[in-house]
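Structural features, examined
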Amino acid sequence: MTNSESAGDNQMRISGYDIQKMIFESALVQLWEAHQLSLDRDVYLLNLREEHVGVEVKVSWFQELVRFVARLHHSSFIQIIDISAPDARPPYVILERLDGMLLSDLLAEGPLEPDRAAQIVRTIAE
């Protein structure tokens, strides 16, 4: 197995990580729950979808996104732990996994109370 490869059935494999399940997918990226074996900790893995790996503008977008996120520092924002080698297919980034609920899951439960929505917006704006 190479450093990173897609396995059939929409599964991702990265050496040193137990990839558990995909929790989000867009037209460009996939987000997975994973476990970093060497440090025995839960993480997120975000990768560029395989069909975009050969498209330079998409790869450049992904790399710029990773650089942008790496510069952000806030207690409510997850941090980048590691990135793939430049030649990894597909490129990926390892993110810390915090306890709590994803905003998308919270919103899926229904409309938020105005005070709760304002608190979330205020935190994001900081």
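Residues numbered from 1 in each chain as written. Predicted model: local features only at pLDDT ≥ 70, side-chain atom pairs only at ≥ 80, totals over all residues. Heavy atoms only, no water.

1. Considerations on the overall build of the chain
When its secondary structure is counted, the chain shows 3 helices and 7 strands. Along the first, second and third principal axes, the C-alpha set of the chain runs to 50 × 30 × 25 Å. By the burial criterion, 29% of the 126 residues in the chain qualify as buried. When contacts within the chain are restricted to residue pairs at least 6 apart in sequence, long-range pairs at least 24 apart make up 35% of them. (Helix = DSSP H or I, 4+ residues; strand = E, 2+ residues; numbered from the N terminus. Buried < 20%, exposed > 50% of the residue type's maximum accessible area, 1.4 Å probe, protein only. Contact = heavy atoms within 4.5 Å.)

2. So, a nonpolar patch on the surface
Together, L103, L107 and I124 make up an exposed nonpolar region whose accessible area comes to about 290 Å². Along the chain, L107 falls in helix α2 (residues 103-108). (Patch = residues over 30% accessible without salt bridge, like charges linked within 9 Å, V, L, I, M, F, W, Y side chains within 5 Å. Areas by Shrake-Rupley, 256 points an atom, 1.4 Å probe, with all protein chains shown as cover. Salt bridge = Lys/Arg side-chain N within 4 Å of Asp/Glu carboxyl O.)

3. Notes on helix α1 (residues 56-70)
Compared with the 21 Å implied by 1.5 Å per residue over 15 residues, the 21 Å span of α1 between its first and last C-alpha is a close match. Here α1 has its buried residues at V59, F62, V66 and V69. Taken end-on, α1 shows its buried residues confined to a sector of 95 degrees, consistent with a single buried face. With respect to the buried face of α1, the exposed residues turned more than 90 degrees away are E56 and V57. Buried residues along α1 sit against β4 (29-36), β5 (41-48), β6 (80-83) and β7 (92-96). (Expected span 1.5 Å × (residues − 1). Arc of directions from axis to C-beta.)

4. Here's the deal with the pairing of β7
Remember that side chains alternate between the two faces of the sheet whenever the strand is regular. In terms of burial, β7 is a largely internal element, 4 of the 5 residues being buried. In this structure, β5 lies alongside β7, joined through 5 bridges in antiparallel fashion. Bridge pairing in β7 places Y44 opposite L95. As judged from the 3 bridges shared by β6 and β7, these two strands associate in the antiparallel manner. Within the sheet, the bridge partner assigned to D82 lies in β7 and is I94. (Pairing = 2+ DSSP bridges.)

5. Topic: the confidence of the model for the chain
Taken residue by residue, the chain gives an average pLDDT of 86. The fraction at 70 or more is 92%. In the model, residues 1-9 has pLDDT below 50 throughout and makes 19 contacts with residues more than four positions away in sequence or in other chains. (pLDDT = per-residue confidence, 0-100.)

6. Some words on the pairing of β4
Here β4 lies mainly inside the structure; 8 of its 8 residues are buried. Burial along β4 is two-sided: V29, L31, E33 and H35 facing one way and Q30, W32, A34 and Q36 facing the other are all buried. Here strand β3 (residues 17-25) folds back onto β4, and the loop between the two strands holds 3 residues. As paired elements, β4 and β5 share 8 bridges and run antiparallel to each other. Counted as the bridge partner of Q36 is R41 from β5. Hairpin connection of β4 to β5: 4 residues between the antiparallel strands, including D40 at a positive phi of 50 degrees.

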